[in-house]
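What the coordinates show
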Amino acid sequence: MSDEIKHECGLAFIRLRKPFSYYLQKYGTVMYGLNKLYLLMEKQHNRGQDGAGIAAVKLSVEPGYPYLHRTRSNAQQPIADIFFKIGQEIQELEKYQHDIKQYPGLMKGHVPFLGELLLGHLRYGTQGKNNVEFCHPFIKRDLIPGRNLAMAGNFNLVNTEELFALINIDPGEFQRQSDLAAMMEVVHHFLSKEDEKNPNAADIATVLKKATPLFDGGYTVGGLIGNGCSFVMRDAHGIRPAYYYISNDVIVAGSERASIRTSFNVGENEVLELMPGNALIVDDMGNYKVEQILEPKERRACSFERIYFSRGSDEKIYRERIALGHHLSKAVLECVEYDLKNTIFSYIPNTAEVAFYGLVKGMEDYLNQIKIQRILSWGPDINEEKLQQMINRKIRQEKIAIKDVKLRTFITEDTGRNEMVQHVYDITYGTVRKDEDTLVVIDDSIVRGTTLKESIVRMLARLHPKKIIIVSSAPQIRYPDCYGIDMSKLGDFIAFRAAIELLKEREMEDVLRCVYEKIKDLQRNNQLHTENIVRQIYKPFTTEEISDKIAQLITPKDLNIPVQVIYQTIEDLHDSCPTNTGDWYFTGNYPTPGGNRVVNKAFINYYEGKNVRGY
């Protein structure tokens, strides 16, 4: 994705089902669980680079000794930082007892995070708060083991204020800024109530059935309880992803199927999807059940997971991204007027690469049809030279853009970002014939258009192509997200700005005032959640009209080379990603009432000139 957005989080859960001595004997290390947690988190590091944290619960600990531990880091490489420190503790122990790793009981007693229950989290700061206090897991401590709670998740809630009110808590400044703080207070509230009925043996399913119907948002959340019970739960629409794997040795859950497969070297069918509204619940003895907590609603799994967020090493995601690119081939062929001889195809690294292969595959399919038709049309007038020339015709592919990752890290923290952003990508010179070749470049999505305008289009123009075509494997992003992706300000979206420009050009600015007044009416009647009024901003225009205006907006004023933008259609998105139909950021069709409230509030902020979040 050329435009950086903060997004998503990653969850890693491990429950060891055997004593530590078992893992020492079978796998040669008492560190089996921690080693696997490290792998599971590293294989999901794409999901969060602002911070990380882990929590561990030890079973059968004598009274007076700690059994719940938690550490977090917001270092530049937070996962490595956490596990390096754990390694240092073990090395310190080995200085005095070099073979201590051969004694599982001693290791468990001396290494804080050598617990049977492990919960890891990778964080993207969706609310812009990147200090370590906002890193998951959060913990609630109590003298009663069954009321100690550690929680982490991948989510956003849009009703945190209501949650605090429901359990009569006046939140502090920190709690107001954290969705997890609100969620945790609610879960802990019902956990404590259940613990009163069944001391140290609260029914976790009952706790979740009372707590989770109150949450408005998309979530996958995990929790460890001090008495040895644990859970992983997914929202009723399946907005955020969750997968699990169970063997005799271990129970595992994570945000991506591929990360579990790789970390534990298991087949695709051995890793199961935790279905919407369900919870994986593990008791203090390591017995598990998957129980329906919420009545499943219409499946609205986030399509951005397939387009961009999740790693493409998952075989289904890989095929879906191929399909996304392939679906665009017809529109691109029409745009280049079927002139493949004078067209070069490339992609914006790194996540658009798989969609690029799909786009090229579509071009190859068309070219192969042309080859067959031409050869058949020759009849007897054929010779080896003509045949060889035709067979050797290829789709012209080049790696035009090379991303400078180190520079990217630097400039995201620099106040002169717009000036420096021109150099995020390096260009490969000598790949384009000046004023002859059309250059087609695919990106996985276009959010703000800033990097396209300030960096990529300028960079591509240095090659002097006849025309530049930017292709997005995602549809136009028109609306905020409030379920885990940090896209909350309407004015940030290039599609929204394009619609506003069209309204101004056609002297239809009264549409903005009408939308504002309708939303204010809803607000006065406490009905913001009932309808997405912002859809009316786009209603007067076709998708193509908005795409053409976007092309103008991302073209630097001093550039004379024509620029065109092609977007994925909603229909082809759903055809490519049939199990992830969540498309509210494209269509405005939100799965929960809180989404409508957020988009309407975001428009009020825009109209009133407030540069603040919509939730």
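Just so you know, these numbers come straight off a predicted model, no measurement behind them. (Residues numbered from 1 in each chain as written. Predicted model: local features only at pLDDT ≥ 70, side-chain atom pairs only at ≥ 80, totals over all residues. Heavy atoms only, no water.)

Taken together, five strands build an open sheet; the order of strands is β15-β14-β18-β19-β20 and the sheet is parallel. Two strands lie at the open edges of the sheet, namely β15 (396-397) and β20 (563-567), each paired on one side alone. Bridge count for strand β18 (residues 438-443) against strand β19 (residues 467-472) is six bridges, and the pairing is parallel. Opposite T438, over in β19, you have K467 as the bridge partner. Here helix α13 (residues 353-378) sits on the sheet and contacts β14 (343-347), β15 and β18; the angle it forms with β14, its principal contact strand, is near 155°. (Pairing = 2+ DSSP bridges. Helix = DSSP H or I, 4+ residues; strand = E, 2+ residues; numbered from the N terminus. Contact = heavy atoms within 4.5 Å. Axes fitted to C-alpha atoms, helices over the stretch in contact; angles between N-to-C directions.)

What the seven strands build is an open sheet, ordered β3-β2-β4-β1-β10-β9-β11; its pairing is antiparallel. The open sheet has two edge strands, β3 (68-73) and β11 (272-273), and neither has a second partner. In the sheet, strand β1 (residues 9-16) pairs with strand β4 (residues 117-123) via seven bridges, with the strands oriented antiparallel. Considered in β4, the bridge of A12 is made with G120.

Counting across every chain of the model gives 23 aromatic pairs. Seen in terms of ring centroids, Y22 and Y23 are 5.3 Å apart; in terms of plane orientation they differ by 90°. Their pairing is edge-to-face. Note on Y22: relative accessible area 25%, which makes it partly exposed. Here Y23 falls in the buried class, since its relative accessible area comes to 0%. Centroid distance Y585 to F586: 4.9 Å. Interplanar angle 80°. Geometry classified as edge-to-face. On the basis of relative accessibility, which here comes to 4%, the residue F586 falls in the buried class. Of the aromatic side chains, those joined through ring pairs into one cluster are F304, Y308, F309, Y483, W584, Y585 and F586. (Phe/Tyr/Trp six-rings, centres within 6.5 Å; stacked < 30°, edge-to-face > 60°. Buried < 20%, exposed > 50% of the residue type's maximum accessible area, 1.4 Å probe, protein only.)

Another aspect to go through is the packing of helix α11 (residues 315-327) against α13. Put simply, α11 and α13 touch, their axes get as near as 6 Å, and they point 50° apart. With respect to each other, α11 and α13 are oriented oblique. Viewed along their axes, α11 and α13 form a crossing whose handedness is right-handed. When α11 is examined against α13, the residues Y318, R321, I322, G325 and H326 are found in contact with a partner set consisting of V354, A355, Y357, G358, L359, K361, G362 and D365. When the residues that make up the contact of α11 with α13 are grouped by side-chain class, the tally is six nonpolar, four polar and three charged. (Parallel < 35°, antiparallel > 145°, perpendicular 65-115°, else oblique. Left-handed = near helix turned anticlockwise from the far one by under 90°. Nonpolar A, V, L, I, M, F, W, Y, C, P; charged D, E, K, R; others polar.)

In short, shape yes, function no, at least from these values alone.
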